[in-house]
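Architecture and fold: a report
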Amino acid sequence: MNFGDSWENDDGSGGRTVADKSGQGIVTAFGQSLKALRVRAGMEREELGRRLGYSASSIASFEQGRRIPSPRAIEQADEVLGAEGLLTVWMEQMERAQYPVFFQGMAKLEKECIELLMYDTHVVNGLLQTEEYMRALLAMRRPILDQETIDQRVTARLSRQNIFDRRPAPLLGFVMDEAVLRHRYGGVGVLRGQLKHLIQIGQKRNVEIQIMPLDCDDNAGVNGPFTVVTRKDSKKFVYSESHATSALETDLEQTVLAAARYGIIRSQALTPRESLTFVEGLLGSL
């Protein structure tokens, strides 16, 4: 139910997969280019894989359009193969191709936003998750995901967290139910690391983390999690997810009401300072 995570609801074999058929042509063309440049350089898949940190079978998957390499891998391949930009020119299109059509717009908005406000009720928001927490969640998926798939999805999710280092820094607000922090997904050690990470991120000047306590009498977020995004031109969008579907709302009335609802939720939750103290208390009790 986290913002930006429903694109992972594919059947999941083969790593960072193409999530929608509309992107398959792009991924296939990139793979053909990668293979042609590798052959031109007189390099075997094993050698290219060694230089990029992948197995020969992974390189084959990239060349056959079955998997999407990370942006860093594309940059490294371009350099190793002397492609002079023939591979890096694909990076933006390849990044979009990993998302289904319904999320590509949100992925773009996430990179362009000046404000991102998120309310979560089930698990820690993807932008706040530690790698260990991510792996614990993905390991619980059914049907079971293979290790390569988990590794690729972790890489993709971690790359989204570059938003914390963007300049100018967007304003990021997170409100989450207390229950989110009490689930011991992956065990006590994983939860302890996740709580420490929340305390660290919550100290950033452009980030506000708030907890909605279990004993609150009122909660305007009973309808479930959602995200309000504000673009540079002040236009607002509302993103929400259910089990296997999502919605990106652009209607002015609905986006204004969602932003107002988030404001009420924020006022009902603990303040950012109180929330960090609360998280520290939970950490100390483990």
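Residues numbered from 1 in each chain as written. Predicted model: local features only at pLDDT ≥ 70, side-chain atom pairs only at ≥ 80, totals over all residues. Heavy atoms only, no water.

**Points about unusual backbone geometry**
Here is the rule: Here a helix means four or more residues in a row that DSSP labels H or I, a strand means two or more in a row labelled E, and each is numbered from the N terminus.
In the segment running from Arg 142 into Pro 143, the intervening peptide bond is cis, with an omega of 5 degrees. As for its position among the elements, Pro 143 is in the loop between α7 (131-139) and α8 (147-160). Here the bond from Arg 167 into Pro 168 is cis, since omega is 0 degrees, no more than 30 degrees from zero. Counting through the fold element by element, Pro 168 comes out in the loop between α8 and β2 (171-177). Notably, Glu 84 is not glycine yet its phi reads approximately 55 degrees, a positive angle. Mapping Glu 84 onto the fold places it in the loop between α4 (71-80) and α5 (91-97).

**A look at the packing of aromatic side chains**
Operational definition: Stacked, edge-to-face and tilted are the three classes for Phe, Tyr and Trp ring pairs, Trp counted by its six-membered ring, which pair at centre distances within 6.5 Å; planes under 30 degrees apart are stacked, over 60 edge-to-face, the rest tilted. Classification of residues uses two cut-offs on accessible area relative to the type maximum, computed with a 1.4 Å probe and protein chains only: under 20% is buried, over 50% is exposed, and between them is partly exposed.
By the definition in use, this model includes six aromatic pairs. Pairing Tyr 54 with Phe 62 gives two aromatic rings, centres 5.1 Å apart and planes at 85 degrees, and the pair type is edge-to-face. Owing to a relative accessible area of 19%, Tyr 54 belongs among the buried residues under this scheme. Residue class for Phe 62 comes out buried when judged on its relative accessible area of 2%. A centroid spacing of 6.4 Å and a plane angle of 65 degrees characterise the contact between Tyr 133 and Tyr 185, whose relative ring orientation is edge-to-face.

**Some words on the pairing of strand β3 (residues 207-212)**
Defined as follows: At least two bridges found by DSSP between two strands is the condition for calling them paired.
Counted residue by residue, β3 has five buried out of six residues, so it is predominantly covered. Here β2 runs beside β3; their pairing, made up of six bridges, is parallel. The residue bridging Leu 172 from the neighbouring strand is Val 207, located in β3.

**A look at the confidence of the model for the protein chain**
Rules: Per-residue confidence from the predictor is given as pLDDT, running between 0 and 100. Residue contacts are counted whenever heavy atoms from the two residues lie within 4.5 Å of one another.
Per-residue pLDDT for the protein chain has a mean of 88; in total, 88% of the residues score no lower than 70. Confidence drops under a pLDDT of 50 for residues 1-17, and excluding neighbours within four residues, the segment shows 79 contacts in the predicted structure.

**Observations concerning the pattern of salt bridges**
To be explicit about the condition: Here a salt bridge means any side-chain nitrogen of Lys or Arg lying within 4 Å of a carboxyl oxygen belonging to Asp or Glu.
By the definition in use, this model includes 11 salt bridges. For Glu 110, the salt bridge identified is with Arg 160, shortest N-O distance 2.9 Å. Taken together, the residues span a long stretch of sequence, with Glu 110 in helix α6 (residues 101-112) and Arg 160 in helix α8 at a distance of 50 residues. When sorted by exposure, Glu 110 lands in the same class as Arg 160, which is buried. Where Glu 208 meets Arg 266, a salt bridge forms, and the shortest distance between an N and an O atom there is 3.9 Å. Of this pair, Glu 208 sits in strand β3 while Arg 266 is found in helix α11 (residues 252-268), placing the two residues 58 residues apart along the sequence. On the basis of relative accessibility, which here comes to 28%, the residue Arg 266 falls in the partly exposed class. Here the salt bridges do not stand alone but share partners, grouping Arg 38, Arg 45 and Glu 63 into one network.

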